[in-house]
Amino acid sequence: MRIAIFAEFFLPKIDGVVTRTLNTVRCLKQMGDEVLIFAANSEITEYYGAPIFGLTSIPFELYPGYKMALPLPTIKNKLKEFNPDVIFVICPLCLGLGGIYYAKKMKIPLVISHNTNWALYAKLNGMQWLEKPAWKILSYIYKQGTLIVTVSQHTLNELKNIGLKSIYLWQSGVSQSFLENKSSKKMRTNLSKGDIKKPLMLFVGRLSPEKNIAFIAKILKGIPEANLAIVGDGPERANLQKIFPENRTRFMGYLHGEELAASYTSADVFIFPSEFETLGNVVLEAMASRCPVVACRAGGVQNIIKNNQTGLLFNPGDVQEAIEATKKVLFEDDKRAEMIFNARKFTETLTWENATIKLKETLEIAINSRQHPALK
């Protein structure tokens, strides 16, 4: 199969969408497929043997540190040269619109993925007036595809509720390296500022408003015997450093690879208060790493965690419920062990290889379909 991927977000930045894209490209190449990646211009020109066609980009003001590639006319010639069986647009925003346009113009089957709820993102960033128009725009964009894929049953239902059809689940994976026990006294010392005997809470993710990280300060206040480590960076870091007690909180910045895996296994509980997630890859990583999860009952996270079995959920905004759930993980050894066992058993089945096999089956459906508006 020859697949042209339009990656709205890509290396060198790393987030949930990029992690999913990278693992999918890796598995596709290992399975013998030909892949061409369209992305913002950078020094990276290929990934796992898949060439990257870099395009001129501009800063993405809503996501500081990210770039938006421009859908320039040079795309057309590159597509003609590559001659793809299918175009796969991941999280369309700017570059992805170019992928959609050329798929229709060149009569190439098109799959569009819904990874980020831009309508809710606008609402959470103080642009409530934009939420309804954003849903209408998203609906129009997605209807251009032969079919749509999305990352959780929650988001699949959201798309159905706005009248979209031909929606398939893009199954999740988690790197099996997280299943290895990489607990490290050195990492725990670093995360806890040397206070290794106290219970240690952990958050991993982008430090931005939609992650609701300030909520964790309320949990920390309710458990005075615990410390907190925050792994990640972003535009909210300076504000968050004013909110959290300096003597009990360590801001680690971004960690990757072995260090990231060690941070999960060296902490006692993973706190995830986001109400925004279409899925929550970091939740899966924590579960695989033997770090029990306490998360907000919202978005796609609800499809990952079976409450009181593979983790604990609290209702949005309910501080006391969140505190009690965190205490249960920290101080009830039998319950903690049960959740760790169940979470590990669940994540062991979520390989990127299995997820990519299922995705390829979905891409084949698009290739064999004549439902694309441009193909009728």
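Scoring rules and cut-offs
- Residues numbered from 1 in each chain as written.
- Predicted model: local features only at pLDDT ≥ 70, side-chain atom pairs only at ≥ 80, totals over all residues.
- Heavy atoms only, no water.
- Helix = DSSP H or I, 4+ residues; strand = E, 2+ residues; numbered from the N terminus.
- Rg over C-alpha atoms; globule rule 2.2 N^0.38 Å.
- Buried < 20%, exposed > 50% of the residue type's maximum accessible area, 1.4 Å probe, protein only.
- Contact = heavy atoms within 4.5 Å.
- Areas by Shrake-Rupley, 256 points an atom, 1.4 Å probe, with all protein chains shown as cover.
- Lys, Arg positive; Asp, Glu negative; His and termini not counted.
- Charge placed at Lys NZ, Arg CZ, Asp CG, Glu CD.
- Pairing = 2+ DSSP bridges.
- Axes fitted to C-alpha atoms, helices over the stretch in contact; angles between N-to-C directions.
- Expected span 1.5 Å × (residues − 1).
- Arc of directions from axis to C-beta.
- Phe/Tyr/Trp six-rings, centres within 6.5 Å; stacked < 30°, edge-to-face > 60°.
- Lys NZ or Arg CZ within 6 Å of the ring centre and 35° of its normal.
- 1 Å grid on protein atoms, 1.4 Å probe; cavity = no way out; pocket = protein on both sides within 12 Å on 5 of 7 lines; lining within 4 Å.
- Points joined across faces, edges and corners; volume = space filled by probe spheres on them.
- Nonpolar A, V, L, I, M, F, W, Y, C, P; charged D, E, K, R; others polar.

A. Quick peek at the overall build of the chain. The helix and strand inventory of the chain stands at 15 helices and 16 strands. Relative to its length of 376 residues, the chain is compact, with a C-alpha radius of gyration of 21 Å against a globular reference of 21 Å. Its C-alpha atoms give the chain principal-axis dimensions of roughly 65 × 45 × 35 Å. The buried share of the chain, taken over its 376 residues, is 56%. Long-range contacts, defined as pairs at least 24 residues apart, comprise 66% of the intrachain contacts of the chain with a sequence gap of at least 6. Of the roughly 16000 Å² of accessible surface on the chain, 51% is carried by carbon and sulfur atoms. When the 46 positive and 35 negative side-chain charges of the chain are each reduced to one mean point, those points stand 5 Å apart.

B. Just the sheet that holds strand β16 (residues 312-314), in detail. As summarised here, the arrangement of the six strands in space is β13-β12-β11-β14-β15-β16, forming an open sheet in which the pairing is parallel. A strand with exactly one partner marks an edge of an open sheet, and here the two such strands are β13 (249-253) and β16. Strand-to-strand twist in this sheet, taken as the mean axis angle between neighbours without regard to direction, amounts to 25°. Where strand β14 (residues 269-272) lies against strand β15 (residues 293-296), three bridges are found, and the strand directions are parallel. Paired with Ile271 across the strands is Val294, a residue of β15. Sheet contacts for helix α11 (residues 281-288): β11 (200-204), β14 and β15; angle to β14, the most-contacted strand, approximately 170°.

C. Structural view of the sheet that holds strand β2 (residues 34-40). On the basis of which strands lie adjacent, the open sheet formed by eight strands has the order β3-β4-β2-β1-β7-β8-β9-β10 and mixed pairing. At either end of the open sheet lies a strand with only one pairing partner, and these are β3 (46-47) and β10 (167-169). In this structure, strand β8 (residues 110-114) lies alongside strand β9 (residues 147-150), joined through four bridges in parallel fashion. Across the sheet, the residue bridging to Val111 is Leu147, located in β9. The sheet strands contacting helix α3 (residues 95-105) are β1 (2-7), β2, β4 (50-55), β7 (86-90) and β8, and the helix crosses β7 at an angle near 155°.

D. Spotlight on helix α14 (residues 333-347). Over its 15 residues, α14 extends 21 Å from the first C-alpha to the last, a length consistent with the 21 Å expected when each residue adds 1.5 Å. Those residues of α14 lying buried are Lys335, Arg336, Met339, Ile340, Ala343, Arg344 and Thr347. One side of α14 carries all its buried residues, which in axial view fall inside an arc of 160°. Looking at α14, the residues exposed on the side facing more than 90 degrees away from the buried face are Asp334, Phe341 and Lys345.

E. Quick peek at the packing of aromatic side chains. By the definition in use, this model includes eleven aromatic pairs. Here the aromatic residues Phe178, Phe203, Tyr264, Phe270 and Phe272 are joined through ring pairs into a cluster of three or more. Here the basic side chain of Arg2 rests over the ring of Phe82, its NZ or CZ set 4.4 Å away from the ring centre. Of note, Arg20 hangs over the ring of Trp170, and the distance from its end group to the ring centre comes to 4.9 Å.

F. Here's a closer look at empty space enclosed by the protein. Enumeration over the complete set of coordinates arrives at one cavity of 30 Å³ or more. For the largest cavity, the calculated volume is near 30 Å³. Looking at the largest cavity, the residues that line it are Leu191, Ser192, Lys193, Asn227, Leu228, Asn247, Arg248, Thr249 and Arg250. At the level of elements, β12 (227-231) and β13 are the ones that each hand at least two residues to the lining of the largest cavity. Looking at side-chain class alone, the lining of the largest cavity contains two nonpolar, four polar and three charged residues.

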